[in-house]
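Spelled out, the chains give:
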Amino acid sequence: MITKRIIPCLDVKNGRVVKGVNFLGLSDVSSPLELAKLYSDSGADELVFYDITASAEGRALFTDVLREVASRIFIPLTVGGGINTIEDFDRVLKCGADKVSVNSGAIRNPDLIGQAAKLYGDQCVVLSVDAKRVDGQFRVFAKGGREDTGMDAIEWIKRGVDSGAGEIVLNSIDTDGVKQGFDLEMLDAVCQVVNVPVIASGGAGGVQDFITLFKTLPKVDAGLAASIFHFGQVTIEELKNELAANGIHVRR
Amino acid sequence: MIAIVDYGVGNLFSLKSSLHMLGAQAVVTGDEAEIAKADRIILPGVGAFGDAAKKLRETGMDQAVLREAAAGKPLMGICLGMQLLFEKSYEYGEHEGLGLIKGNVIGMEETLPPNLKIPHIGWNALHFTREHALWKYIKNGDFVYFVHSFYGVDCEDSVIATSKYGKEITAAVAMDNVMGCQFHPEKSGEVGLKILKAFCEM
């Protein structure tokens, strides 16, 4: 049976992991390679790297880091942040990424999804969506959640999958950072309309939130989180042991 | 020396890196002489079967691979590279494979229970159906990483492991010196590295 995936997400700026990471035993807490290795060794099923750099120099550092990680860590790597063109896909895939996540770039140019899927396969294209409740609708937000696009999230996701997106990352702005659990209502609405893997993001505060997620919504394939792993509140090992104890199938 | 056959399909960065990690010499090459010199061959591949089979023929790599397989060199196909070892694929039409392994490739969507998500993406457990040198360093039930929408059938004679997705599907095949993994050993963490290590020692 396929297992539920646990995916830590790392934000990288100028080649370094940002967001206060606090691990014992790591000599360099903002080294992407050391963190990736730690997560991989503790059972992460996949890693996501978001490039939050704006400058060209930062971009170059990011691809250096990616190449270094991909030559040492042998689990699937997804890369996002600043993916606007096919050239951007090409740049990160050549450095060892397996999947590429598009967000604002696809909102500006929806054809990007189809073009990339045709060139690299559906499995390579991840559509990442930041959504928030506005006037009784799930609304797509762009630019890191700062700009209301006016688009309906469910319609946008359906369209993305029809164009060739092979996976959806749904990040609920309403639950993100609140640590009160994933947005089950929004995730359920998405799971009902697509037949590709759905990755839940935004709101994980502890082990129980993952148990509730997978128990309530068996169609959700993976849970993504950043701060609870980075701050060592929950280790991936503990999380997976608890999930298994609750009858949820995970890789251990 | 391991030759990773380059015929213009797929991203070979991780495969090459994982072999280097194991201390193996590996080269990505589309050069027949270099392939002839290698001790073992890996046939990679992602994307559509029809396109890949066409590129394999256009580059002459089909003949190179067939020749080395006939010479008895260990040959491993990975993902689409494994599917290419079969006789035929019914992925969007009907396409000839290399015919090194008896069997065909068909779609999951038409043949597995409804409501399964296609592609089959993620970590799934290997169920050994036969002892094999590839399993030397891993155990039955270990997890490997899959990404595919088509799978091998009519290959009972060569199946060495299955995985459960709706039903037991072909996860790995082997016939003499020719073997194939539907999953990606180069993306399957420690377990995957151990499978590659076993291949390097054949």
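Note that the structure is predicted; figures quoted are calculated from it, not measured.

About the criteria used
- Residues numbered from 1 in each chain as written.
- Chains lettered and ligands numbered in written order.
- Predicted model: local features only at pLDDT ≥ 70, side-chain atom pairs only at ≥ 80, totals over all residues.
- Contact = placed C-beta atoms within 7 Å.
- Nonpolar A, V, L, I, M, F, W, Y, C, P; charged D, E, K, R; others polar.
- Helix = DSSP H or I, 4+ residues; strand = E, 2+ residues; numbered from the N terminus.
- Buried ≥ 20, exposed ≤ 12 C-beta atoms within 10 Å, placed from the backbone.
- Core = buried A, V, L, I, M, F, W, Y, C linked by C-beta atoms within 7 Å.
- Pairing = 2+ DSSP bridges.
- Axes fitted to C-alpha atoms, helices over the stretch in contact; angles between N-to-C directions.

K.L.:
Looking at this structure, I do not really get the interface of chain A and chain B. What am I missing?
P.N.:
In this complex, chain A contributes 23 residues to the contact, which on the side of chain B involves 24 residues. For the side of chain A that touches chain B, the class distribution of residues is nine nonpolar, eight polar and six charged.

K.L.:
What is the right way to read unusual backbone geometry from this model?
P.N.:
Glycine aside, residues mostly have negative phi angles, and peptide bonds mostly take the trans form. Residue and element names in this part refer to chain B. Omega for the bond connecting isoleucine 118 with proline 119 falls within 30 degrees of zero, at 0 degrees, which places this linkage in the cis form. Mapped onto the fold, proline 119 is located in the loop between α6 (108–111) and β8 (120–125). Unlike most non-glycine residues, cysteine 79 shows phi in positive territory, near 55 degrees. For cysteine 79, the location among the structural elements is in the loop between β4 (75–78) and α5 (80–83). On the neighbour-count criterion, cysteine 79 (24 C-beta atoms within 10 Å) is buried.

K.L.:
Just to check I follow, could you spell out the nonpolar core for this structure?
P.N.:
For soluble globular proteins, nonpolar side chains are generally found buried alongside one another. Among the nonpolar cores identified, the biggest contains 80 residues, and Leu47, Leu66, Val100, Leu127, Ile168 and Leu170 of chain A are the most heavily contacted of them. If near-sequence neighbours (up to four positions away) are discounted, leucine 66 of chain A is found in contact with Phe49, Val79, Val92, Cys95, Gly96 and Ala97 of chain A.

K.L.:
Please clarify how the sheet that holds β4 of chain B should be interpreted in this entry.
P.N.:
The strands that make up a sheet pair up through hydrogen bonds in the backbone, lying either parallel or antiparallel. Residues and elements named next belong to chain B. Ordered by their spatial adjacency, eight strands build an open sheet running β2-β1-β3-β4-β14-β13-β12-β9, and the pairing between neighbours is mixed. On the outer flanks of this sheet lie β2 (26–29) and β9 (127–128), each paired with one strand and no other. In terms of strand pairing, β9 meets strand β12 (residues 159–165) through two bridges, oriented antiparallel. Following the sheet pairing, histidine 127 is matched in β12 by threonine 162. Against the sheet, helix α1 (residues 13–21) touches β1 (2–5), β2 and β3 (40–43), its axis set at about 160 degrees to β2.

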